[in-house]
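# Examination of the molecular architecture
Read off the chains here:
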Amino acid sequence: MKKALITGITGQDGSYLAEFLLEKGYEVHGIKRRASLFNTERIDHLYQDPHERDRKLVLHYGDLTDSSNLIRIIQQVRPDEVYNLGAQSHVAVSFESPEYTADVDALGTLRLLEAIRIAGLEKETRFYQASTSELYGLVQEVPQKETTPFYPRSPYAAAKLYAYWITVNYREAYGMYACNGILFNHESPRRGETFVTRKITRGLSNIAQGIEQCLYLGNMGALRDWGHAKDYVRMQWLMLQQDQAEDFVIATGVQYSVRDFVRMSAEELGITVRFEGDGVEEKGIVEAVSGDSAPAVKPGDIIVAVDPRYFRPTEVETLLGDPTRARERLGWVPEISTEEMVREMVAYDLDQARQHALLMRHGYEVNVSRES
Ligand code: NDP
Ligand code: GDR
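Just so it is clear, the structure is predicted and the values come from calculations on it, not from any experiment. (Residues numbered from 1 in each chain as written. Chains lettered and ligands numbered in written order. Predicted model: local features only at pLDDT ≥ 70, side-chain atom pairs only at ≥ 80, totals over all residues. Heavy atoms only, no water.)

## So, the domain arrangement of the protein
Segmenting the protein into domains produces domain 1 (3-183) and domain 2 (196-223 + 257-316 + 337-362). One C-alpha centre belongs to domain 1, the other to domain 2; they are set 32 Å apart. Counting residues at the interface gives seven residues for domain 1, matched by five residues for domain 2. Around 610 Å² of area is buried between domain 1 and domain 2 when both sides are counted, 56% of it from carbon and sulfur atoms. At the boundary of domain 1 and domain 2, one finds zero salt bridges. For the interface between domain 1 and domain 2, the tally reads two residue pairs in polar contact (both at pLDDT 80 or more). (Domains from an automatic or database assignment. Contact = heavy atoms within 4.5 Å. Buried area = accessible area lost by both parts, 1.4 Å probe. Salt bridge = Lys/Arg side-chain N within 4 Å of Asp/Glu carboxyl O. Polar contact = N/O pair within 3.5 Å; in protein donor to acceptor, adjacent residues only side chain to side chain.)

Encoded structure:
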């Protein structure tokens, strides 16, 4: 039985990857950070009691900022495959915590690679690095592919650039099977609530149910290539099953704006939104409402507005990936369209919003946290 170690197992991708690998018959080990509350919501359905024999999912406390635990876990588990998904993954937050972001995202990758070498596993353990389309930043070519030059535009992207190159270097210097998946944005109902897609599907669902009044966003003109996380973790695994390690761009090849994403999500709720303004004073106004998903909304309501607080000091305006190499060499094509993904995310968040609205109608207090 193959053993996999996943850093970031409690995150969006980590949870889907753990499910995928367990289904493939792997013994899955995950590194989880110590927190004052349980932070395992996304993998609770996979949890196995530590007293069970022959557990297939094992969690270890650890942190990418701490070499000692990484070395110990690698020595103890001796994984066949390591998936380094752990990161401070929020681009806007990286401007507020640049040093911490570099520590986790850049040096954390180095620490993990070194832990594999220290354990003498550099010829046995295969290593996947969660690289990102943010490396392209100020884009030099459209669409972006494996050979497109990088131009990072945030402390997050600069840290991930280091991680990208140190992964390449360990492949070349020590003959490790180590590769980068340059993944474009990918989303799901498990996406963190502060990333724009989930902020939109959750915010609009809350507005539809009368829990919130207006959704505040930053740059609505930003263009992204959004895929579904389930499709992308399949690719992470595929990348480690080849004869030779290689870096791949993973994307859908289709681009939408944040404004488009608002429109598509609102349509799912039966709300037609019209935008007025110029990107700074812009507002999303309800034109029509149909069906019974949005009882709290009526034509003329302003349900979307810009709050400059969400603008970034340097922005990545446009990203569009070319996944030709992944299709030709690995036979990978995304199976879930952006439209289907929006439908799934809205259905999930509407269900949550309905539950909250019901509780509130019966006098219970519901904490609907709203943040960037
Ligand atoms: P999430 O933010 O959902 O998950 C990040 C994971 O990293 C969480 O499990 C988090 O733990 C963990 N983590 C954070 N800090 C540390 C630390 N110091 N030590 C150990 N673990 C830590 O990200 P995604 O699942 O969306 O993304 C997975 C990876 O892929 C990330 O590296 C991200 O940068 C990268 N990526 C993501 C893309 C996307 O569109 N989703 C696109 C391209 C790359 P906790 O739960 O405790 O916070
Ligand atoms: P991104 O994702 O920065 O691409 O990084 P995010 O969803 O945060 O932003 C996408 C675009 O939307 C614009 N935007 C807003 N973003 C947020 N979070 N909140 C807002 O209110 C808002 N309004 C507009 C942003 O400015 C941006 O242009 C994600 C992360 O998962 C990274 O870890 C990963 O590497 C990249 O995707 C690929």
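Having seen it, we continue.
## Description of the site of ligand 1
Taken together, 25 residues lie near ligand 1, and Thr10, Asn39, Asp63, Ser89 and Tyr156 sit nearest. A distance of 2.6 Å separates an oxygen atom of ligand 1 from a polar side-chain atom of Tyr156. Residue His186 places a main-chain N or O atom 2.8 Å away from an oxygen atom belonging to ligand 1. Its free accessible area being 900 Å², ligand 1 has 90% of it covered by the protein chains. Those elements giving two or more residues to the shell around ligand 1 turn out to be α1 (12-23), α4 (98-118), β5 (126-132) and α5 (155-174). Considering each element in turn, the shell around ligand 1 owes the most residues, three residues, to β5. Classifying every residue of the shell around ligand 1 by side-chain character gives nine nonpolar, eleven polar and five charged. (Near = heavy atom within 4 Å. Areas by Shrake-Rupley, 256 points an atom, 1.4 Å probe, with all protein chains shown as cover. Helix = DSSP H or I, 4+ residues; strand = E, 2+ residues; numbered from the N terminus. Nonpolar A, V, L, I, M, F, W, Y, C, P; charged D, E, K, R; others polar.)

## Description of the sheet that holds strand β6 (residues 178-183)
Taken in spatial order, the seven strands of this open sheet run β3-β2-β1-β4-β5-β6-β11, and their pairing is parallel. Every other strand in the sheet has two partners, leaving β3 (57-61) and β11 (248-250) as the edge strands with one partner each. Here the strands of the sheet are splayed against their neighbours by 20 degrees on average, with no regard to which way each runs. Taken together, the five bridges between strand β2 (residues 27-32) and β3 define a ladder with parallel strand orientation. Residue pairing across strands places Gly30 opposite Leu59, the latter belonging to β3. Lying over the sheet, α1 contacts β1 (3-7), β2, β3 and β4 (81-84), oriented at roughly 175 degrees with respect to β1. Sheet strands touched by α4: β1, β4 and β5. Its angle to β5, the strand with the most contacts, is close to 175 degrees. (Pairing = 2+ DSSP bridges. Axes fitted to C-alpha atoms, helices over the stretch in contact; angles between N-to-C directions.)

## Examining the site of ligand 2
Among the 24 residues in the neighbourhood of ligand 2, the closest are listed as Ser89, Thr132, Tyr156, Arg312 and Glu315. At 2.9 Å, a side-chain N or O of Arg191 approaches an oxygen atom of ligand 2. Lys199 has a polar side-chain atom sitting 2.8 Å from an oxygen atom of ligand 2. Taken together, the residues of the shell around ligand 2 sort by class into nine nonpolar, nine polar and six charged. Both domains that furnish three or more residues to the shell around ligand 2 are identified here as domain 1 (3-183) and domain 2 (196-223 + 257-316 + 337-362).

## Remarks on the nonpolar core
Soluble globular proteins: nonpolar side chains tend toward being buried together. Core analysis: the biggest nonpolar cluster contains 34 residues, and Ile6, Leu21, Val28, Tyr83, Tyr128, Met235 and Ile250 have the highest contact counts within it. The set of elements that each furnish at least two residues to this core consists of β1, α1, β5, β6, α7 (229-239), β11 and α9 (324-330). Examining the composition of this core, we find that seven residues originate from one element, α7, more than from any other. Other than its neighbours up to four places away in sequence, Leu21 contacts Ala4, Ile6, Tyr26, Val28, Tyr83 and Trp237. Membership of the second largest hydrophobic core comes to 30 residues, among which are Leu215, Ala222, Tyr256 and Leu269. (Core = buried A, V, L, I, M, F, W, Y, C linked by side-chain atoms within 4.5 Å. Buried < 20%, exposed > 50% of the residue type's maximum accessible area, 1.4 Å probe, protein only.)

## Structural notes on unusual backbone geometry
With an omega of -10 degrees, the peptide bond between Val142 and Pro143 qualifies as cis. Within the secondary structure, Pro143 sits in the loop between β5 and α5. A positive phi angle, near 55 degrees, is found at Asp54, a position not held by glycine. Located in the positive-phi region is Arg78, a residue other than glycine, with phi close to 45 degrees. For Arg78, the position within the fold is in the loop between α2 (67-77) and β4.

## Points about the side chain of Glu122
Examined against the element boundaries, Glu122 turns out to sit in the loop between α4 and β5. There is no salt bridge for the buried Glu122, and the closest opposite charge comes from Arg117, which lies 5.1 Å off by N-O distance. Dropping the residues within four chain positions of it, Glu122 is found in contact with Ile116, Arg117, Tyr174, Gly175, Met176 and Tyr177. (Lys, Arg positive; Asp, Glu negative; His and termini not counted.)

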